[in-house]
Amino acid sequence: MDVKTLAARKGEHNMKDYKEAYEKFDWESVKSQFSWSETGKVNIAHEAIDRHADNPDKKDQVALIYSAPDREEKHTFEDLKFSSNKFANVLKKYDVKKGDRVFLFMPRSPEFYAAFFGILKVGAIAGPLFEAFMEQAVRDRLEDSEATMLITTPELLERVPLEQLPHLKQVVLVGDHDKTSDTFIDYHKEMDEASKDFDIEWVDLEDGMLLHYTSGSTGKPKGVYHVHNAMLQHYQTAKWVLDLQEDDVYWCTADPGWVTGTSYGIFAPWLNGITNVIRGGRFTPDDWYSTLSNHNVSVWYSAPTAFRKLMGAGAETAQKHDLSSVRHILSVGEPLNPEVISWGMKAFDLRIHDTWWMTETGGMMICNYPAMDMRPGSMGKPFPGIEAAIVDNDGNELPANQMGNLALKKGWPSMMRAVWNNPGKYESYFLGDWYVSGDSAYQDEDGYFWFQGRLDDVINTSGERVGPFEVESKLIEHEAVAEAGVIGKPDPERGEIIKAFITLRDGYEESDELLEEIRQFVKTGLSAHAAPREIEIKDSIPKTRSGKIMRRLLKSWELGLPTGDTSTLEE
Ligand code: WTA
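Rules used in this analysis
- Residues numbered from 1 in each chain as written.
- Predicted model: local features only at pLDDT ≥ 70, side-chain atom pairs only at ≥ 80, totals over all residues.
- Heavy atoms only, no water.
- 1 Å grid on protein atoms, 1.4 Å probe; cavity = no way out; pocket = protein on both sides within 12 Å on 5 of 7 lines; lining within 4 Å.
- Points joined across faces, edges and corners; volume = space filled by probe spheres on them.
- Helix = DSSP H or I, 4+ residues; strand = E, 2+ residues; numbered from the N terminus.
- Nonpolar A, V, L, I, M, F, W, Y, C, P; charged D, E, K, R; others polar.
- Phe/Tyr/Trp six-rings, centres within 6.5 Å; stacked < 30°, edge-to-face > 60°.
- Lys NZ or Arg CZ within 6 Å of the ring centre and 35° of its normal.
- Buried < 20%, exposed > 50% of the residue type's maximum accessible area, 1.4 Å probe, protein only.
- Pairing = 2+ DSSP bridges.
- Right-handed = clockwise from strand over helix to strand, strands pointing away.

Caption draft 1: Region of the structure containing the layout of surface pockets. Taken as a whole, the largest pocket spans an internal volume of roughly 1,700 Å³. Every residue lining the largest pocket is counted, 48 residues in all, and those nearest its centre are Arg108, Ala132, Gly281, Arg282 and Glu464. Counting residues per element, the lining of the largest pocket draws most heavily on helix α12 (residues 304–312), which supplies four residues. For the lining of the largest pocket, the residue count by class is 21 nonpolar, 13 polar and 14 charged.

Below is the structure:
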């Protein structure tokens, strides 16, 4: 164990005392950490990259360690400044303007990060998509956002239905291709020709920067809209929760298609000038441990699903690697089970710190801090500057130990500012001054929050949020399926798996082949993580008289629970 690790474990953390921090902190004080243009404007790309590149002491520091099975590269802050400037020049050449939506549909790679910051530098709004998305998922998001430009690879282009996307004017291709039409822009050719100098577009804190599509229990995925102001929260949570210190090497395992992969895979470390490891490609438990040991990762942010996978690989796999550089581990996305916490103690001699937040909150909300006593199983306490409470359905605060809606007082810096093209949906999140999360929880008498479950039908499978409506809609597109109802079924490894109940159209008979074909249909049409692992055929799907699928009843059947109130059930 090196000196640094020991020092940090003895309590040399950025936050000295939680209570004091909570009482004294206000968000205004964070603003003084940023540089402001002469007009009083900012840009998160300047804060995350250029500010360090312009500092003689920092410009040559490695910002990005990129590690993939076939590619290993290091980029300094200055490298990232120049590559993103080049891409910003390419965007300008093709007339991309402030407020335009530019989407990224490509694997994690140095090109991704140059493009991402290039988009922010021209004041446009970036929309990162999971590379696992199939045609329908890609189309829904590009259609709703009316994106005018897409950056993708020739391989992934096959899943982009260009003819159905009238707003999409241009496609930047990263990689070899034989496209000749004016729609296509060659990434490498343009980058070779572009200048590395660029005058950044200074924007207001309230100007848009990011659209993350996420699922609810009804309707198609919605575009959660974030603004530059979020940087206040990314910056400060990185200090106090991730506890990032100057010579840390940080690794967040999340893909930028997920909010964790942008807020904490990109902004939080770089706003603080920290060396950031990005791992591309699919990987095995051995690869994960190697990434930690080869790059001397000291702070590691991941998810219970990943920890469970490593746990499943056994202690011998862990023992093959020197993991002594790791000094702080954090988790997000799903309940952190006690088995995982004890695995962390065994494999790393560290307690995994849970954090709770959502796409809509843009940054961490309820957390465990190195400076606070933890209660295993609890998500922790609100971040300083955040007011959290348990409220009833009318927005009244509930007393300690009573279960209810986990709610947050609106107005924190990284809060979503809109749901794209859908003001009604945005309004539906709020009860008076409270943002209502959709999670149920309780708070104990000492102020710790304890997660209980989702209150809506949203499914959390391996930490990924899946809306049942999206899966149901895809299922009934299959010629054999008449009706479908989709639920999350508890699963020890994945948290939940997707289970579909369907009825068959006349003329179709149940068979294993048919069920597998239907599964593949969702997998290749929507995405692998949205494909039901189990499909059960029923004679009918329970619906309310107004035609809504009663997923709650399906779930009770599945779990063998009492069915509760079924008075609205259709005959
Ligand atoms: C769940 C973005 C238990 C929760 C980070 C939330 C958690 C949803 C935790 C958000 C946690 C997140 N413990 N559950 N520490 N963190 N969740 O927007 O239900 O993809 O509402 O996550 O994940 O999912 P999202």
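Caption draft 2: Highlighting the packing of aromatic side chains. Throughout the structure, instances matching the rule amount to 34 aromatic pairs. Considering the side-chain rings of Tyr18 and Tyr22, the 5.8 Å spacing of their centres and the 40 degrees angle between planes classify their relative orientation as tilted. Highlighted residues: Tyr18 and Tyr22, both in helix α2 (residues 18–24), separated by four residues, approximately one helical turn. Taken together, Tyr18, Tyr22, Phe25, Trp27, Trp240, Tyr369 and Phe383 form an aromatic cluster joined through their ring pairs. Note that Lys196 overlies the ring of Phe82, its terminal NZ or CZ placed 4.5 Å from the centroid. Above the plane of the ring of Phe430 lies Lys410, whose end atom (NZ or CZ) is 5.0 Å from the centre.

Caption draft 3: Spotlight on the pairing of strand β13 (residues 328–331). The alternating pattern of β13 places His328 and Leu330 and Ile329 and Ser331 on opposite faces, both of which are buried. In this structure, strand β12 (residues 299–302) lies alongside β13, joined through four bridges in parallel fashion. In the sheet register, Val299 faces β13, and the bridge partner there is His328. Relative to strand β14 (residues 353–356), β13 runs parallel, the two sharing two bridges. Residue pairing across strands places Ser331 opposite Asp354, the latter belonging to β14. In this fold, the crossover linking β13 to β14 by way of helix α14 (residues 338–348) has right-handed handedness.

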